[in-house]
Structure formats: structure tokens, C-alpha cells
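Architecture and fold: a report
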Amino acid sequence: MSAVIRPDAPVLLEIRDLHASVENQPILKGVNLTIRAGEIHAVMGRNGSGKSTLSKVLAGHPAYTVTAGSVFYRGENLLDLDPEQRSRIGLFLGFQYPVEIPGVSNLEFLRVATNARRKERGDEELDTFAFEDVVRERLSVVQMDPAFLDRSVNEGFSGGEKKRNEILQMALLEPVVAILDETDSGLDIDALRIVAGGVNQLSSPDNATLLITHYQRLLDLITPDAVHVMAAGRILRSGGKELALELERSGYDWVDAELARLDGEAERQPLEVA
Amino acid sequence: MVAAPVVTAAAAGSGAPALAWLAELAGAPLPTRRQEDWRFTDLTALAAIPVGVAAPAAGRALDPWAELNLPAGVTRLTGTAAEAQLGTALAASGCDQHWPVLLNGGARPALLVLKVEGDAGSLELPLPVSAGEGVAAWRLLLVLEPGARLELLQVPAPAPGQRQLLSLVSEVVLGEGARLQLGCLAQGHNHAALLHHLAVRQASASELQATLVSSGWGLARHEPRVVQEQGAARTRLLGLQRVDGRQLADTHSFVRFDGPDGELDQLHKAVADGSGRSVFNGAVQVPRLAQRTNAAQLSRTLLLSDRARIDTKPELEIVADDVKCAHGATVSQLQSEELFYLRSRGIDATTAAGLLQRAFCHEVLRELPAAAHRHDPMTALLGAA
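The structure reproduced in this document is the subject of the present report. (Residues numbered from 1 in each chain as written. Chains lettered and ligands numbered in written order. Predicted model: local features only at pLDDT ≥ 70, side-chain atom pairs only at ≥ 80, totals over all residues. Heavy atoms only, no water.)

**What to know about the overall build of chain B**
Scanning chain B for helices and strands turns up 8 helices and 17 strands. Taking 21 Å as the expected radius of gyration for a compact globule of 385 residues, we find that chain B reaches 20 Å, a close match to that expectation. In terms of overall dimensions, chain B has C-alpha extents of about 60 × 50 × 40 Å along its principal axes. Split into buried and exposed, the 385 residues of chain B put 54% on the buried side. Intrachain contacts of chain B at a sequence separation of at least 6 include 85% that bridge at least 24 residues. Surface exposure of chain B reaches about 14800 Å², of which carbon and sulfur atoms provide 51%. With 33 positive and 38 negative side-chain charges, chain B shows a spacing of 4 Å between the two charge centroids. (Helix = DSSP H or I, 4+ residues; strand = E, 2+ residues; numbered from the N terminus. Rg over C-alpha atoms; globule rule 2.2 N^0.38 Å. Buried < 20%, exposed > 50% of the residue type's maximum accessible area, 1.4 Å probe, protein only. Contact = heavy atoms within 4.5 Å. Areas by Shrake-Rupley, 256 points an atom, 1.4 Å probe, with all protein chains shown as cover. Lys, Arg positive; Asp, Glu negative; His and termini not counted. Charge placed at Lys NZ, Arg CZ, Asp CG, Glu CD.)

Below is the structure:
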């Protein structure tokens, strides 16, 4: 299903026939996707298509149950790992709705998170002073005011500030695979440029990014190597960046036709068997 | 709700030798769980306290505050000047005959009466206790003259490992326009019990903020009781209690508006872990003359164990018709979305849960007087992170 863009690059994430449900309601119904080092993939689709579920399942949200299929991260079975372990080995989820945690200092939160990843990599953990130097340098990636470090995690942050804080976390954790769930939602164009600029700066031939988005406008600023359209819990079509432009022009109506055709096939099959 | 097994009057009174001495000291039998105010709090646990009076540790002679350094504007009253005002706030707020108050009176409390004038800054009042076992009692009266201001911190703590019952009764009289920020940071242990009454009379335009924090006691009971005598004053009550193991913490608050235009802002929080029990009862009385009262009460409990138990109840009596009285109670577990957010950043589940507990407590702890920081209240409450 997925186009091979950099055939020689190592596979970072391999999703095979992934099925998942929440509260016994099946949401993902057979997702296949292969992501290699250096690639940027975009998953698009309407609300309810399963794209946010895909991101949560990959990050290990306990409310979702994987019912079939597999996910391998650099050859390791990702689904065996706790969410914290997935983060430490280099998987990052940028949240659509970053959670406000009053009373927990943003700086301390960032430091604890950064140290968890550093420890896993065998790097020395940073004390408060050393960490302040590191974080101040990284603030420039998202043009964030240092005052946000002294506040509680996301508390009272605007939508744009929350998303910048997500990208700041990404800059500190230096993930191998970053999944950004609707990072563009609720952002004005200036905030969008800053966030997209941050993502572009952090992209390298050694890592990969999976953008989950509703709109083409993010893809004007971050050029994807592959675009996938999700509907009814699977990837319906994959292509290059031109697929996103096509969606922008013609909308998602064709998706319904395609789904109806697939459903028709599924319904006819038993008859043929009979 | 399951009917609680009732402690018989005999067991709570003269029939139980281990408690009889306490009844004798108070001059009244112990309350039983048949009484509405004690329905969830079983004082038979006090049977573990050995007979004896563990006097507060004295600085000189028998006065633990003989060497207390008072800030400018604060004077200590003694003799008849002191006694004239004793008991008025207890009587006004209807608790002078409460058993813990009677016990305090019978236990020969160390007595301190302070008059406050002008802006007196901040005072940390030590409540030193000797190493003996038994009852230790303090009685405090604060009179803030009109326009006076004070920040007061009390840190009652039992002697380590000693079976002690600490009895603290504080009375406060706030003159017109006076402002008191009071904090009580009470860190106990499993063998110790705390009975704490705080009775306040507020004149108009006065402001009271009382923040009562307790954790770790085998049994702790706080009764903040406030009367706005002419209304038109501001009262802010904050509470935070944490129980674990088989501990019990109970806050019974009472606020009455005896005039119009009064304000109350109350937040009570509890963290219940292990087989701990947390009780909150928030009484607010708004009689007919208390028009335009604006009162808000919120009780929030974090339930960390399925063996822990919470009883929380607002008790609003509103007769006046032109009032705003809001109340609410929530009991929740740690929010799964918050936990997942932290875990998705590599923070293990235990550490994440600890961070969220700290966040829950922070909202109340930050309201303690600045002097409380020296005691590292978060660590006192939750242990090292």
C-alpha cells in the first residue's frame, strides 16, 4: 500500500494490518504503513476516519486495544512496550489537545522527560542548571518566550502556545519517529509557520515524521514525501504530495464512493461463495 | 450508604477504661457515631492514647511561649485583660460545648492571648510538645484591632513515635477591616491524633483566609467555624487533608452570615489512599438578614485506592432569598489523559501519578503563608518526589 520513497533507508516503523478498538468499538480495521528514515508522511482524512486513533495506538494509550496486526519500531515489537518505554526509545506523539497540568512546573516536566530519554540512550542526566542551558537553546526552534518555562504545564497557554510547547518537547527529546496529531488545528497562520518551521528544522535523514492532519495548509509548509488518505479505519489511498492537493480541490466525496464500492465487494463476496 | 456500626455510649464513655479518663478530663462523655456530627468519625481510636498529660514543652517555667519573639504590633495579654475576651468566638460560633473544646479546657492548655495592631507582618507560632505520651493542649486567642493585619502560621506536630493527642483551640476576633491570613500545617503520624477547633468572629470589611493542611495522623479532625457578625466581610477557607493506611481525617466547617453582603470562598481538597477515610462536612448558614450573600463551596477528592473511603457533604441552610450560594463536590481518580500525557513523555506511571498528586495539592499549599515554605509542605504531605 505505502509507496517506497527511500528504498535503501532503514525501516523505522512498520505497521501491518493493524486493528484496534476502544470500548469494544472497532476503529482501526487493517492499517498498513511503512515509514523509513528521512521520510515525512502525512495521513489525512475526515473526522472519525481513525487517524487520531492511529496516533494514540502507536503511542500506547491504554484506552485502546489492539485486536489484530503488528507494529514494529526499528525491528522491535512496539505493542509490547508501555507508553513511557516507547517515548524513551524515540517515539514521540505531539498531542492534538496537550493536557494542562496545574501545579507541575513546565521546566521541571521538560527536564524529567528529557532525562528519561537521555538515560535510555546512556547519556548523562541533566541537573536543573545544565538543563536550563539546554532548554534555552532549544526555545529558539519554536520562538518561545522563556516565561513559559516557569508556568505550569500548558496551564492557561493559548492553543498556539500549547502546540509550540509540544514541538519544544520534540526538540528536547530528539525522537526517531515523531507523530504529530493535528498539530495545525486551532493555529493562526503565524503560529502555524513557527510550528512548521520547528518541525522542518528537526527533520533529518535519520528520523521520520508522521503528520496527521485535516487540511492541506500544513503541507504547504512541510513537504511530505507521501500522503495517505484514511477512511473507515484503513488507508484508502496513498500517493505523493499531489494527492493532498487533489483532496484540497475535490474534497473527500470520492471517499464515500470508494467506501461504498469496497462495502459492495464485501457484501457480494459471500453471495459469490454461496 | 451502609449504616455504621454504632459505638455504644457505654463503650465510648465510662465503660471503656481507656477512654474514661478522657471523658473525665473533658467533663463530658465522648461523642458517639450516633451523633450526626460524628457519624463517620469514631473517637474510640483515642483509646490507644495512654493516660497522661504530655504538657507542651516549656521554654521557661510552664509557659511554652515565654521566649517567643513577637513582631512589632503584636502584644501578649495576660491576666484579666486576656480572660475578658476568651470564649467569645467559641460561643458566637456555637462550639463552646463541643467535646474537643471541653477536652481542651480540661487538659490544662498552654494559653496565649495576642493583640494585634497595625500591619504586624508575619508570625510563626511554635507549638512545641514534650516527648511524653498522652494529651497536649494549646489555647490561643488572637484579637486583631480594626485595620490590623497579620500572617500567622501554626505547625502542630506530635513528638516522633509518641502516642499523643494534640488538642488545639484557636479563637480569632477580627475587628473592622482587619485581615488575617492563617495557615495550619499539621503533619502527624499513625500513633497521633489531632483535634483542632478554629473559631472566628469577623466584623464588617474584615478578611479571613484560613488554610488548614493535614496529613499522616491516625486521626485528625478540623473544625473551622466562622461567624460574620455584621456580614459584609470576606472569608476564604482552604483545606487539604491526606490519608493513607488506616488513617482518618475529618473536616467539619461552619460559616454563618449574621448580616448582608458577606462573601465566602471555600475549597476543600482531600487525597485518600490505602484504607484511609476522609470526611468533609461544609455547613453554611444564610439567615434572612444575610441578603446578597455570595458563597461558593467546592469539595474535591482524589481517590487513589479502592479501599479508601470518602464522605463529603455540603450542608447549606439558606433562608435569605437574594443570595448566590454555589456548591459542588467531585470525587475522582487520577485523570487518565493527564497520566497518559506524562507517560508519553517517558515518565513512568508511578512518577507521573506522584506529579499529578503534587499538582492536586499545590492549589491549596500555595495559599499557606509564605513562612510555610521553610517546612517544605509538599514533601511533608507527600514524601520526597
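Alright, that's what it looks like, and here's the rest.
**Details of helix α5 (residues 99-106) of chain B**
Taken together, the buried positions of α5(B) are occupied by B:W99, B:P100, B:V101, B:L103 and B:N104. Positive phi shows up at B:R108, right after α5(B), with a value of about 50°.

**Brief notes about the sheet that holds strand β12 (residues 248-257) of chain B**
Adjacent strands of a sheet form backbone hydrogen bonds with each other and so pair up, either parallel or antiparallel. Residues and elements named next belong to chain B. The strand order across the open sheet built from 9 strands is β1-β2-β4-β6-β8-β10-β12-β14-β16, with neighbouring strands paired in mixed fashion. Two strands close off the open sheet at either side, each with one partner strand: β1 (74-77) and β16 (309-318). Strand-to-strand twist across the sheet, computed as the mean angle between neighbouring axes with direction ignored, equals 10°. Inspection of the sheet shows β1 paired to strand β2 (residues 110-116) by 4 bridges, in the antiparallel sense. (Pairing = 2+ DSSP bridges. Axes fitted to C-alpha atoms, helices over the stretch in contact; angles between N-to-C directions.)

**Here's the deal with a negative patch on the surface**
All names here are of chain A. A contiguous patch of negative charge, built from D123, E124, E125 and D127, is present on the exposed surface. Tracing the chain through its elements places D127 in the loop between α3 (106-121) and α4 (128-139). On the basis of relative accessibility, which here comes to 44%, the residue D127 falls in the partly exposed class. (Patch = residues over 30% accessible without salt bridge, like charges linked within 9 Å, V, L, I, M, F, W, Y side chains within 5 Å. Salt bridge = Lys/Arg side-chain N within 4 Å of Asp/Glu carboxyl O.)

**Some details on the pairing of strand β6 (residues 164-174) of chain B**
Residues and elements named next belong to chain B. Within β6, 11 of the 11 residues are buried, leaving the element largely enclosed by the surrounding structure. Burial of the side chains of β6 extends over both faces: Q164, L166, L168, S170, V172 and L174 are buried on one face and L165, S167, V169, E171 and V173 on the other. Two elements, strand β4 (residues 134-144) and β6, share 11 bridges in a ladder whose sense is parallel. Directly across from L140, in β6, lies its bridge partner S170. As defined by bridge partners, β6 adjoins strand β8 (residues 193-202) across 10 bridges and the pair is classed as parallel. Across the sheet, S170 pairs through a bridge with L198, a residue of β8.

**Some thoughts on helix α5 (residues 159-173) of chain A**
Residues and elements named next belong to chain A. For α5, with 15 residues, the first-to-last C-alpha span of 21 Å sits near the 21 Å given by 1.5 Å per residue. Counting buried positions over the 15 residues of α5 gives 13, a clear majority of the element. Note on α5: the residue one or two positions beyond its end, E174, has a positive phi of about 45°. (Expected span 1.5 Å × (residues − 1).)

**Comments concerning the environment of B:T41**
Residue and element names in this part refer to chain B. Structurally, T41 is set in the loop between α2 (17-26) and β1. Residue class for T41 comes out buried when judged on its relative accessible area of 2%. Placed 236 residues apart in sequence, T41 and R277 show a C-alpha to C-alpha distance of 9.1 Å. Residues contacting T41, with those up to four places away along its chain left out, are R33, R221, L248, D250 and V279. One polar contact links T41 to D250, side chain to side chain, over a distance of 2.6 Å. (Polar contact = N/O pair within 3.5 Å; in protein donor to acceptor, adjacent residues only side chain to side chain.)

**Section: the interface of chain A and chain B**
Across the contact, 30 residues belong to chain A and 16 residues belong to chain B. In this assembly, chain A packs against chain B so that about 2000 Å² is buried in total across both faces, 66% of it on carbon and sulfur atoms. Inspection of the region where chain A meets chain B yields 3 salt bridges. The salt bridge involving B:R345 is made with A:E166; its shortest N-O contact spans 2.7 Å. The interface formed by chain A and chain B holds 12 residue pairs in polar contact (both at pLDDT 80 or more) in total. Among the secondary structure elements, those contributing two or more residues to the side of chain A that touches chain B are α1 (51-59), α2 (83-88), β6 (91-94), β7 (101-105), α3 and α5 of chain A. Partitioned by chemical class, the residues of the side of chain A that touches chain B number 17 nonpolar, 7 polar and 6 charged. (Buried area = accessible area lost by both parts, 1.4 Å probe. Nonpolar A, V, L, I, M, F, W, Y, C, P; charged D, E, K, R; others polar.)

**A few points about the packing of α5(A) against helix α6 (residues 189-202) of chain A**
All names here are of chain A. Contact geometry of α5 with α6 gives a least axis separation of 10 Å together with a crossing angle of 5°. Judged by the angle between their axes, α5 and α6 are roughly parallel. For the pair α5 and α6, the contacting residues are G160, K163, R164, I167, M170 and A171 in the first and A191, I194, V195, G198, V199 and L202 in the second. Of the residues contributing to the contact of α5 with α6, the split by class is 8 nonpolar, 2 polar and 2 charged. (Parallel < 35°, antiparallel > 145°, perpendicular 65-115°, else oblique.)

**Considering the side chain of B:S215**
All names here are of chain B. Relative to the elements of secondary structure, S215 occurs in strand β9 (residues 207-215). There is a polar contact of 2.8 Å between the side chain of S215 and the side chain of Q187. If sequence neighbours within four positions are ignored, S215 has contacts with A186, Q187, G188, R242, A380 and L381.

**What to know about empty space enclosed by the protein**
Residues and elements named next belong to chain B. Applying the stated criterion across every chain yields a total of 3 cavities of 30 Å³ or more. Approximately 100 Å³ is the volume found for the largest cavity. Contributing elements (two or more residues each) for the lining of the largest cavity: β9, β10 (219-228), β11 (234-243), β12 and β13 (263-272). The element that contributes the greatest number of residues to the lining of the largest cavity is β11, accounting for 5 residues. Counted by class, the lining of the largest cavity contains 8 nonpolar, 8 polar and no charged residues. (1 Å grid on protein atoms, 1.4 Å probe; cavity = no way out; pocket = protein on both sides within 12 Å on 5 of 7 lines; lining within 4 Å. Points joined across faces, edges and corners; volume = space filled by probe spheres on them.)

No statement about biological role is implied by the geometric values presented.
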